[in-house]
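Understanding the architecture of this molecule
Each chain, letter by letter, is given below.
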Amino acid sequence: MTRPLYVYDDALLKYRFHATHPFNQMRLKMTTDLLMASGHLRAADIIRPREATDEELELVHKKDFIEAVKLAGEGKLPEDKMESYGLNTEDTPSFEGMHEKSRMLVGATLSAVEAVMDGRTDKALSLAGGLHHGFSGRASGFCIYNDSAVAIEYIRRKYGKRVLYIDTDAHHGDGVQWIFYDTNEVMTYSIHETGRYLFPGTGSLTERGTEEGFGFAVNLPIDAFTEDTSFLEIFKETLEAAIRKFQPDVIFSQNGVDAHFRDPMTHLALTSRTFEEIPRFVNHMADKYTDGKWIAVGGGGYNIWQVVPRMWAQIWLSMTGTPAPRGPLPEAFMEQYRSRSPVDFPENWEDVLTDYSDIPRREEISEKNRSMLTRAMLHLEEQ
């Protein structure tokens, strides 16, 4: 078994809208520093990303959109053109060098893809990616280019393989879903907070694909304030059913951690227990069904001090077969970041739940989720 590879470079931190924007790629460096300080990540494990080419971006993005991004990043796109491309909005404000900094994130994801598909490793992680809201001709939801969709289409075109896309972000993976909505060569699987209360408002159980792709879009919308046990029951039962139905050659997973109860932008109530178990189950599924082939990217996560580094570290630990650590974080890591944190900085790998509120309607929420699970399983059992 080959050792997994980890894609990282400080250049990936430059994807930054502005100083107060909630999407802050400092979380990449913090996660990397945590893994290095704990001895779980070595310099030999790290590969440097390359930039994606325009031709690669055009696998899913329209040429005029790419040109608009280039112009916007140079301050040359007229204001009346911005809105039609989803640029310079509150969510995705334009910034200097936007095209160059965005294509680096896509290139990082492609670097992970190539490491796995060319046989250098079975598993690779690029936490810079996971920008799943980008559309073929429009930016959306903090996402300029959709690195996951580009990577999946790259796998289809270059390697001729069937890809299962798994999305466990609290927000529905709408951009990836719509790009592959009419094909049966990609299955998109998204478990997310219901769109009744949360952006982007899509991802209902009835969104199942169209034409040849009917049945190959799988959505599991869970209720607000869903807790660990209910989430994991739905996730494990439906994911393996989806894999058995689709029989993928490779798994590509988006690992947003904004479903954590401390995340400021969603309404789910998950703890570190779930974020330890998600990647370990995906790793098990890859070993069981795709000869170990698993490419993972990041995604949402907006509490960068208390949540993201510890939760994202679990993906790499899963890939390397390392049990979830317990007890204190490395002192060097805490010394590096604790004084900079505007909130109470965590001291342990696992959550200490002194600030976890008891969820009212817990059983009602779980029952609604079970009802949704029953209907989802009926869909997955259809031929």
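A quick note: this is a predicted structure, and the numbers were derived from the prediction, not measured.

Of all hydrophobic cores here, the largest spans 124 residues; its most connected members are L87, I144, Y189, F235 and L239. At 11 residues, helix α5 (residues 98–117) tops the list of elements feeding residues into this core. Once you skip the residues sitting within four places of it in the chain, I144 turns out to touch Y15, F17, H61, F65, V69, L87, T92, M98, S102, G134 and A139.

Below, the discussion takes up the packing of aromatic side chains. Counted under the stated rule, the structure contains 20 aromatic pairs. Aromatic pair Y6 and W316: ring centres 5.4 Å apart, planes at 85°, arrangement edge-to-face. Placement of the pair is Y6 in strand β1 (residues 5–7) and W316 in helix α10 (residues 308–319), with a sequence separation of 310 residues. Of the residues examined, W316 reaches a relative accessible area of 0% and is grouped as buried. Among the aromatic residues, those joined into a cluster by ring pairs are Y15, F17, F23, F95, F142 and Y302. Above the ring of F23, the side-chain terminus of R27 is found at 4.6 Å from the ring centroid.

Further remarks concern the sheet that holds β1. Backbone-to-backbone hydrogen bonds pair the strands of a sheet. The strands run either parallel or antiparallel. If you trace the eight strands from one edge of the open sheet to the other, you get β2-β1-β3-β8-β7-β4-β5-β6, paired in parallel fashion. The open sheet has two free edges, formed respectively by β2 (46–47) and β6 (217–222), since each of these has just one partner strand. In this sheet, β2 lies alongside β1 in parallel orientation, the contact comprising two bridges. Note that in β2 the partner of V7 across the bridge is I47.

Bringing the packing of helix α9 (residues 272–289) against α10 into the picture now. Packing of α9 against α10 brings their axes to within 9 Å, and their N-to-C directions diverge by 30°. Taken as axis vectors, α9 and α10 run roughly parallel relative to one another. Remark: the crossing between α9 and α10 carries right-handed chirality. Counted together, S272, F275, E276, P279, R280 and N283 of α9 and M311, Q314, I315, L317, S318 and M319 of α10 form the full contact between these two elements. Looking at the contact of α9 with α10, its residues break down into six nonpolar, four polar and two charged.

Our focus in this paragraph is the pairing of β6. Burial analysis of β6 places six of its six residues in the buried class, which makes it a mostly covered element. Burial of the side chains of β6 extends over both faces: A217, N219 and P221 are buried on one face and V218, L220 and I222 on the other. With six bridges connecting them, strand β5 (residues 186–193) and β6 associate as parallel partners. If you follow I191 over to β6, its bridge partner there is L220.

Turning to helix α12 (residues 362–381), a few remarks are in order. The end-to-end C-alpha distance of α12, which contains 20 residues, comes to 29 Å, matching closely the 28 Å that a straight helix rising 1.5 Å per residue would cover. For α12, the full list of buried residues reads I365, S366, N369, M372, L373, A376, M377 and L380. All buried residues of α12 fall inside an arc of 145° around its axis, so they share one side. What points out from α12, more than 90 degrees from its buried face, is the exposed set E363 and L378. Among the structural elements, β6 and α8 (228–246) are those in contact with the buried residues of α12.

So, about the UniProt feature "domain: Histone deacetylase" (unreviewed entry) in the protein. According to UniProt, the feature "domain: Histone deacetylase" (unreviewed entry) maps to residues 21–317 in the numbering used here. This span, residues 21–317, is 39% helix and 11% strand, and a straight line between its end C-alpha atoms measures 29 Å.

Moving on, we get to unusual backbone geometry. A cis amide bond links F199 with the next residue in sequence, P200, at an omega value of 5°. By secondary structure assignment, the location of P200 is in the loop between β5 and β6. Positive phi, normally seen in glycine, also occurs at F225, with a value near 70°. If you check the backbone angles, D291 has positive phi at about 55° while not being a glycine. Note that D291 resides in the loop between α9 and β8 (294–297). Exposure remark for D291: the relative accessible area of 65% places this residue in the exposed category.

Each pair of packed helices gets described by two things: the angle between the helix axes and the distance between those axes. As a packed pair, α8 and α9 sit with axes 11 Å apart at the nearest point and diverge in direction by 15°. Here α8 lies roughly parallel to α9, going by the angle between them. At the point where α8 passes α9, the crossing takes the right-handed sense. Residues D228, T229, F231, L232, F235, K236, L239, E240, I243 and R244 of α8 form the contact with α9, whose participating residues are R273, T274, E277, I278, F281, V282, M285, K288 and Y289.

Rules behind the numbers
- Residues numbered from 1 in each chain as written.
- Predicted model: local features only at pLDDT ≥ 70, side-chain atom pairs only at ≥ 80, totals over all residues.
- Heavy atoms only, no water.
- Core = buried A, V, L, I, M, F, W, Y, C linked by side-chain atoms within 4.5 Å.
- Buried < 20%, exposed > 50% of the residue type's maximum accessible area, 1.4 Å probe, protein only.
- Helix = DSSP H or I, 4+ residues; strand = E, 2+ residues; numbered from the N terminus.
- Contact = heavy atoms within 4.5 Å.
- Phe/Tyr/Trp six-rings, centres within 6.5 Å; stacked < 30°, edge-to-face > 60°.
- Lys NZ or Arg CZ within 6 Å of the ring centre and 35° of its normal.
- Pairing = 2+ DSSP bridges.
- Axes fitted to C-alpha atoms, helices over the stretch in contact; angles between N-to-C directions.
- Parallel < 35°, antiparallel > 145°, perpendicular 65-115°, else oblique.
- Left-handed = near helix turned anticlockwise from the far one by under 90°.
- Nonpolar A, V, L, I, M, F, W, Y, C, P; charged D, E, K, R; others polar.
- Expected span 1.5 Å × (residues − 1).
- Arc of directions from axis to C-beta.
- UniProt positions renumbered as here; feature names shortened; annotations may be inferred.

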